[in-house]
Amino acid sequence: MHPDGTSGKTVEARPIEAAEFDAAMAPLLGAVDGCLTVACSGGPDSIALVVLAAEWAGRHGIPVQAVTVDHGLRPEAPAEAESVAESLNAQGIPAIALHHEGAIPKSDVQAAAREIRYRLLADWLSVRTGKAVLLAHHQDDQAETLLLRLGRGSGVDGLSAMAPVTHRDGLILLRPLLGFPKARLEATAVRSGLPIVRDPSNENGGFARVRVRRLREMLAAEGMTPARLAETASRMARARAALEAARDRFIETQAQSDPTGFLTFAPGPFADLPEEVALRVLSHSVRILGGRAHPPRERYLTALHEAIVSGQLGGGRTLAGTKVSVWRDGILVCREPAGVAAPILLRDGVTWDSRFVCRLAVDPAHEGGGLWEVGALGRQGVTEARKSGPEALNRLPGPVRAAIPAVRRNGRIVSVPHLDLYGDGPLPKGGIAFRAVSDAWGVGFQRVLPFSNPAARPM
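Residues numbered from 1 in each chain as written. Predicted model: local features only at pLDDT ≥ 70, side-chain atom pairs only at ≥ 80, totals over all residues. Heavy atoms only, no water.

Asks: Just to check I follow, could you spell out empty space enclosed by the protein for this structure?
Replies: To find the voids left in a structure, one rolls a probe of water-molecule size over its atoms. Per the stated rule, a full pass over the model turns up two cavities of 30 Å³ or more. A volume near 90 Å³ is recorded for the largest cavity. Every residue lining the largest cavity is listed: Asp 140, Ala 143, Glu 144, Leu 147, Val 212, Arg 213, Arg 216, Leu 219, Met 224, Pro 226 and Leu 229. Taken together, the elements giving at least two residues each to the lining of the largest cavity come down to helix 5 (139–151), helix 8 (208–213), helix 9 (216–221) and helix 10 (226–254). Broken down by element, the residue count for the lining of the largest cavity peaks at four residues, all from helix 5. Looking at the lining of the largest cavity residue by residue, the class counts come to seven nonpolar, no polar and four charged. (1 Å grid on protein atoms, 1.4 Å probe; cavity = no way out; pocket = protein on both sides within 12 Å on 5 of 7 lines; lining within 4 Å. Points joined across faces, edges and corners; volume = space filled by probe spheres on them. Helix = DSSP H or I, 4+ residues; strand = E, 2+ residues; numbered from the N terminus. Nonpolar A, V, L, I, M, F, W, Y, C, P; charged D, E, K, R; others polar.)

Here it is in structure tokens:
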């Protein structure tokens, strides 16, 4: 049975009731961290969501706000976004319109619009409390996503379609309506009495999703209703969760992670893993340690897996910003030194190389002035560090050393926090610490390394 109380064959277009939305939000409540933001385009789906969410938030004493994004793709879009925000504010729902001011995408427009939307939301929420964002994806969207990914030859992950909770760009994305058909969202929006925006791009046959949508009746006649396709996605999501659990079990029990940003594991236990699990161990490790938002393509992972299990890794391979090689009879995965990011200005909370977040008690600009930067230790820095702390360097694999963060003032090293080494010049009060960036790692990489240590050695 589905939230609409039907078997999936016939969908009664009746509005979603408060009790149903409460049940849909119950598993997501733990992800709501303060103020709740609703992404609202003004279309029927998001209007239904913002009305339901506002009522739900009122019952739970949680602040709620709506954000409308103008992607700049249509001349009328800026005025539409402002109108949506005005109508919501008039209903007592705080709302704001965000406008894209950059170049207008000319190709892969829907994907580009999605990137713009998330970037604007992330930037706007970065200086506000609460990172949870409600999205209005529904059962029909889920079915379309599965079909599109099936056409691309996706595996288990792709066919699991959209998850109720995901993380992106520091946001917590929540989708409470995946179990409801679009017809019920439309009925909910109409009942609200709020004005509804109809985006003509939703009828543009130039987009693959629209073409798949037009096949709905034909597919349903063959038994492939949105409800059944969504059920398939749910089953694939369960399979994905089981595979990820096996992946995490291997990392937790068979791998050794280090806060400087590398991972090692014995090749024997790795070779004994089912290939699908082993590929996930590699994919996850490479993505996190390379500071990438997305995993590498499967054909590259498959080639790397074959090289490891056959003992043909040789001098090592590079993949998606990482170096994978043999070290001390084990397999080493670390950041590729040649690909690290350029130095950036040092300040509290800055992220360098998509891998490390810097934590400071005091702005270094107030500590003696000068130009403070964080960047890679580099080969020259390794040479300097070797003179004063060879034992600290020797515990690290060779490829790791040059890629760890170092703090420089006016071009001279003043701190290598991971090695407990410092150079000439004053340090910010309270010291400097780096935390490894990860939205999903949780195995050793969340440890904060304090720099303010009386045992620290001068360089």
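Back to the write-up after that little detour.
Asks: What is the right way to look at helix 12 (residues 275–289) in this model?
Replies: The end-to-end C-alpha distance of helix 12, which contains 15 residues, comes to 21 Å, matching closely the 21 Å that a straight helix rising 1.5 Å per residue would cover. For helix 12, the tally of buried residues reaches 13 of 15 residues, placing the bulk of the element in the interior. Gly 291 sits one or two residues past helix 12 and shows a positive phi near 70°. (Expected span 1.5 Å × (residues − 1). Buried < 20%, exposed > 50% of the residue type's maximum accessible area, 1.4 Å probe, protein only.)

Asks: Explain the pattern of salt bridges here, please?
Replies: Once the charged atoms of two side chains with opposite charge are near each other, the side chains can pair. Under the defined criterion, the tally for this structure stands at 16 salt bridges. Glu 17 is paired through a salt bridge with Arg 191; the nearest N and O atoms lie 3.3 Å apart. One end of the pair, Glu 17, is in the segment before helix 1 (18–25); the other, Arg 191, is in helix 7 (residues 182–192), and 174 residues separate them in sequence. A salt bridge links Arg 335 to Asp 353; the shortest N-O distance between them is 2.9 Å. Note that Arg 335 is positioned in strand 11 (residues 330–335) and Asp 353 in the loop between strand 13 (351–352) and strand 14 (356–360), a separation of 18 residues in sequence. Of the residues examined, Asp 353 reaches a relative accessible area of 8% and is grouped as buried. Among the charged side chains, a salt-bridge network with shared partners connects Asp 157, Arg 240, Glu 244, Glu 276 and Arg 280. (Salt bridge = Lys/Arg side-chain N within 4 Å of Asp/Glu carboxyl O.)

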